[in-house]
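Close look at the chain arrangement
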Amino acid sequence: MGWVNSCPSSLYQGWPKEPSGPEKRKKLSGPTRKATIHKVFYQLPGKALRVCVTGAAGQIAYSLLYSVAKGDVFGKDQPIILTLLDIAPMMGVLEGVVMELQDCALPILQEIKATADEREAFTDIDVAMLVGAMPRREGMERKDLLKANAKIFQSQGKSLDQYAKKTVKVVVVGNPANTNALIAMKCAPSIPKENFSCLTRLDQNRAKSQIAAKCSVPTSGVKKVTIWGNHSSTQFPDAMHAVVVKDGKDTKATEAVNDDAWLKGDFITTVQKRGAAVIAARKLSSAMSAAKAICDHVRDWVQGTTDGDWVSMGVISDGNTYGVPEGLIYSFPVTLSGGKWTIVDGLSVDAFAREKMDITAKELIEERDAALEFIGN
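1. A closer look at the overall build of the protein
Helices and strands together make up the secondary structure of the protein, namely 13 helices and 15 strands. Among the 377 residues that make up the protein, the fraction classed as buried is 52%. Taking all contacts inside the protein whose residues are at least 6 apart in sequence as the whole, residues at least 24 apart take part in 74%. Carbon and sulfur atoms make up 51% of the accessible area of the protein, which amounts to about 16800 Å² in all.

2. Looking at the environment of F267
Within the secondary structure layout, F267 lies in helix α10 (residues 266-272). Distance in space between the C-alpha atoms of F267 and Q210 is 7.1 Å, their sequence separation being 57 residues. Setting aside residues up to four positions removed in sequence, F267 forms contacts with A207, Q210, I211, P237, A239 and W262.

3. Looking at the packing of aromatic side chains
Applying the stated criterion to the full structure yields five aromatic pairs. Seen in terms of ring centroids, F236 and F352 are 6.0 Å apart; in terms of plane orientation they differ by 70 degrees. Their pairing is edge-to-face. Pair noted here: F236 is in strand β10 (residues 236-238) and F352 is in helix α13 (residues 351-374), with a separation of 116 residues, a long-range link. Among the residues examined, F236 registers a relative accessible area of 2% and is labelled buried. A residue is classified by how much of its surface remains accessible, and F352, at 24% relative accessible area, is partly exposed. Geometrically, the ring pair formed by Y330 and F332 is tilted, given 4.9 Å between the ring centres and 45 degrees between the ring planes. Note on accessibility: Y330 and F332 belong to one class, buried. Here the aromatic residues W228, Y322, Y330 and F332 are joined through ring pairs into a cluster of three or more.

4. Looking at unusual backbone geometry
In this structure, the amide linkage connecting N175 to the following residue, P176, adopts the cis form with an omega of -5 degrees. With respect to the helices and strands, the residue P176 is situated in the loop between β6 (169-172) and α6 (177-186). In this structure, S216 takes a positive phi of about 55 degrees despite not being glycine. By the element assignment, S216 lies in the loop between α7 (201-215) and β8 (222-223). In this structure S216 comes out as exposed when scored by relative accessible area, which is 67%. Of note in this structure, N258 is not a glycine but carries a positive phi near 55 degrees. Within the fold, N258 resides in the loop between α8 (253-257) and α9 (260-263). Judged by its relative accessible area of 66%, N258 is exposed.

5. Describing the pattern of salt bridges
Across all of its chains, the model carries 15 salt bridges by this definition. For D358, the salt bridge is made with R354, and the minimal N-O distance between the two is 3.2 Å. One end of the pair, D358, and the other, R354, are both in helix α13, four residues apart, so they sit about a helical turn from each other. Judged by its relative accessible area of 26%, R354 falls in the partly exposed class. The partner of K362 in a salt bridge is E366, and the shortest N-O contact between them spans 2.7 Å.

6. A word on α6
Counting buried positions along α6 gives nine out of ten residues, so the element sits mostly inside the fold. Of the residues making up α6, those classed as buried are A177, N178, T179, N180, A181, L182, I183, A184 and M185. Packing partners of the buried residues in α6 comprise α5 (142-163), β6, β7 (196-198), β13 (311-316), β14 (329-337) and α13.

7. Thoughts on α7
Its 15 residues give α7 an end-to-end C-alpha distance of 21 Å, which sits within 8% of 21 Å, the value for a rise of 1.5 Å per residue. The set of residues buried in α7 consists of R201, L202, D203, Q204, R206, A207, K208, Q210, I211, A212 and C215. One or two steps after α7, the chain reaches S216, where phi turns positive at roughly 55 degrees.

8. Digging into the sheet that holds strand β12 (residues 249-252)
If you trace the three strands from one edge of the open sheet to the other, you get β8-β11-β12, paired in antiparallel fashion. Since the sheet does not close on itself, it has two edges, and those belong to β8 and β12, each with one partner. Across two bridges, the pairing between β8 and strand β11 (residues 243-246) is antiparallel. Each bridged residue has a counterpart across the sheet, and for V222 the counterpart in β11 is V244.

9. Overview of the nonpolar core
Within the largest apolar cluster, 70 residues are counted, with the highest numbers of intra-cluster contacts made by L160, I211, F267, F332 and W341. Dropping the residues within four chain positions of it, I211 is found in contact with V222, V225, A239, V244, V257, W262 and F267. Residues I37, V73, L84 and L94 belong to the second largest nonpolar core, which totals 41 residues.

10. What to know about the packing of α7 against helix α12 (residues 288-303)
Packed helix pairs are specified by the crossing angle of their axes together with the interaxial distance, meaning the distance between the axes. Orientation of α7 relative to α12, taken along the N-to-C sense of each, is 110 degrees, at an axis distance of 8 Å. Judged on the interaxial angle alone, α12 and α7 are roughly perpendicular. Contact residues: α7 offers R201, L202 and N205, while α12 offers S289, A290, K292, A293, D296, H297, R299 and D300. Residue composition of the contact of α7 with α12, grouped by class: three nonpolar, three polar and five charged.

Thresholds applied
- Residues numbered from 1 in each chain as written.
- Predicted model: local features only at pLDDT ≥ 70, side-chain atom pairs only at ≥ 80, totals over all residues.
- Heavy atoms only, no water.
- Helix = DSSP H or I, 4+ residues; strand = E, 2+ residues; numbered from the N terminus.
- Buried < 20%, exposed > 50% of the residue type's maximum accessible area, 1.4 Å probe, protein only.
- Contact = heavy atoms within 4.5 Å.
- Areas by Shrake-Rupley, 256 points an atom, 1.4 Å probe, with all protein chains shown as cover.
- Phe/Tyr/Trp six-rings, centres within 6.5 Å; stacked < 30°, edge-to-face > 60°.
- Salt bridge = Lys/Arg side-chain N within 4 Å of Asp/Glu carboxyl O.
- Expected span 1.5 Å × (residues − 1).
- Pairing = 2+ DSSP bridges.
- Core = buried A, V, L, I, M, F, W, Y, C linked by side-chain atoms within 4.5 Å.
- Axes fitted to C-alpha atoms, helices over the stretch in contact; angles between N-to-C directions.
- Parallel < 35°, antiparallel > 145°, perpendicular 65-115°, else oblique.
- Nonpolar A, V, L, I, M, F, W, Y, C, P; charged D, E, K, R; others polar.

By themselves, these are just geometric observations and shouldn't be taken as functional.
Quick look at the structure:
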């Protein structure tokens, strides 16, 4: 089965032609490098999409990889090549992950490469899901966490710049996600800024579920919830422009909830602190819900948002109309079409919202300045 050499979507531009002769035999059966696991299953009709997941031996990736490889993100008929990146000491664990993916016998999973080498992981990829990051350890100060992750995402940004397709779409999940995304973006100047994002969809999903429970409707009946700012405890979950579908009719969330004190109090703090609550309950951070949110984020980026709704993404703040300082990766409400995002304009911002949006922007400025100092930028 041959590879297709062109595709109308910009996501797949620049795909290499199928190797032939000795070059093909070397690609498919030749020796692999140290700290690399390479499994080629078969080739499917149509152009395969190269997707890289970092932190691939971790618990979020364990939930994420199955969903990506079975078609939840890019479609049930889209062939997938997975490249899995983690640190060398985790290659034994990663080998087990590769075995499990192989044993799932997933129809669209064409090839897997697991490696500790950024060059191998990022070469010619179409999508990068940067899940791995240095976690905050006991006794670690915030500046130490920023410094450690600045170095990681400086390296990954440079590798993306050098080896990935210039059309690559990048979502950063590892915390501090907004600032890590900014560092990667700044270290990859040949890739458009608009191709870098960070995950705030988990926060949006949490906010939707809170409103749905309050109004006794399914989460599918809650639309236009917004997360502003940083993926941290300063984020601003905003329901002021949200809509609840109840009894077949669209109703303003403020009217459906009918509890202004809750919307400005417990609703916000519950979403802000939900990650800590999960850790307290299960002694581990969110994994299943984080993986689902990553899938939601990338699926909508590639396939587009539904009419009459928007989603939240951390994107570059340049040119926004909400008074957010430029040069930040800041979560906004966005619509997506044709693989591109557009910030939703024209939403009213009252004094309460303005204060919350400014608080989270201030934190992001502090994080940015500290991180850039660490990498000498």
